Amino acid sequence: MIIILFGPPGAGKGTQAQFLVNNFKFLQVSTGDLLRLEIDNNTEYGSQISNLIDKGKLVSDELMNNILDAYLSKLVENKNIIFDGYPRNLYQAKNFPKLLAKYNLTLNKVFFLNVDRELIRKRISGRVICSKCKKIFNKDIKDHEYNNHKCGEDFLVKRKDDSDETILKRYDLYIKDTSQLIDFYKSHKGFCEIDGNMEITQINEQIKGFLNV
């Protein structure tokens, strides 16, 4: 099964993706992770990516498609994949079925986590990241993982770009950039809009229901 996971920053995409990875053996494909991997491995693509980042430019559609194509070509058996961060525009969305068909894959579900702007602000304003293990927590929601974090609170730091002003700007920009994508995918038979304002476990159950598992 192939899934696209959409949602603004702070919507809980990472949490829900991890839920699918842990419980249903999905593979999460994050375009951000793929780009960083290319850079870390000093590949030809990595050099191009670094040059673009240094100039403050986005990775082109062609380059992103080539990187994703190369990644998919190395997958042997895993047919349960979550795409996080791709497609990011209409061109990529229209090209995506061709890319999947090349590897006998078909898009089955499109999950859109829709979350209120104010709730996003509250969620991200409390977000902290462990400088040691890189796990992300929320200091205002001290759940089981937070309380059992082995590195301890001394390593938890707030990201510089998680100020209220920056959070709301990122949210507004995301909504503007993805509105066309959401409209495009609403006609897909597997499109599922999820109320991301609910509790994590409630969202888990809703996703399970849409997956029919």
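Just so it is clear, the structure is predicted and the values come from calculations on it, not from any experiment.

Peer 1: Kindly report on the overall build of the protein chain, identifying the contributing residues and their values.
Peer 2: On a plain count of helices and strands, the protein chain comes out with nine helices and eight strands. On C-alpha atoms alone, the protein chain measures out to a radius of gyration of 18 Å, which is about the 17 Å that the 2.2 N^0.38 rule sets for 213 residues. For the protein chain, with 213 residues in total, the buried portion stands at 38%. Excluding contacts between residues fewer than 6 apart, the proportion of contacts in the protein chain whose partners are at least 24 apart in sequence is 70%.

Peer 1: So what about the side chain of K13? Which residues, and what values?
Peer 2: With respect to the helices and strands, the residue K13 is situated in helix α1 (residues 13-24). An unpaired buried charge is present at K13: no salt bridge exists, and D84, the closest side chain of opposite charge, is 5.0 Å distant. Here the side chain of K13 touches P8 through a polar contact of 3.4 Å, landing on its backbone oxygen. Excluding residues within four positions of it along the chain, K13 makes contact with L5, F6, G7, P8, D84 and L113.

Peer 1: Before we move on, can you summarise helix α2 (residues 31-40) with the specific residues and values?
Peer 2: Those residues of α2 that sit buried are T31, L34, L35 and E38. The arc that holds the buried residues of α2, viewed along the axis, is 100°, so those residues lie on one side. Contact partners of the buried residues in α2: β2 (27-30), α3 (44-54), α4 (61-73) and β3 (81-84). Of the residues one or two after α2, N42 is the one with positive phi, at around 55°.

How each quantity is defined
Residues numbered from 1 in each chain as written. Predicted model: local features only at pLDDT ≥ 70, side-chain atom pairs only at ≥ 80, totals over all residues. Heavy atoms only, no water. Helix = DSSP H or I, 4+ residues; strand = E, 2+ residues; numbered from the N terminus. Rg over C-alpha atoms; globule rule 2.2 N^0.38 Å. Buried < 20%, exposed > 50% of the residue type's maximum accessible area, 1.4 Å probe, protein only. Contact = heavy atoms within 4.5 Å. Lys, Arg positive; Asp, Glu negative; His and termini not counted. Salt bridge = Lys/Arg side-chain N within 4 Å of Asp/Glu carboxyl O. Polar contact = N/O pair within 3.5 Å; in protein donor to acceptor, adjacent residues only side chain to side chain. Arc of directions from axis to C-beta.

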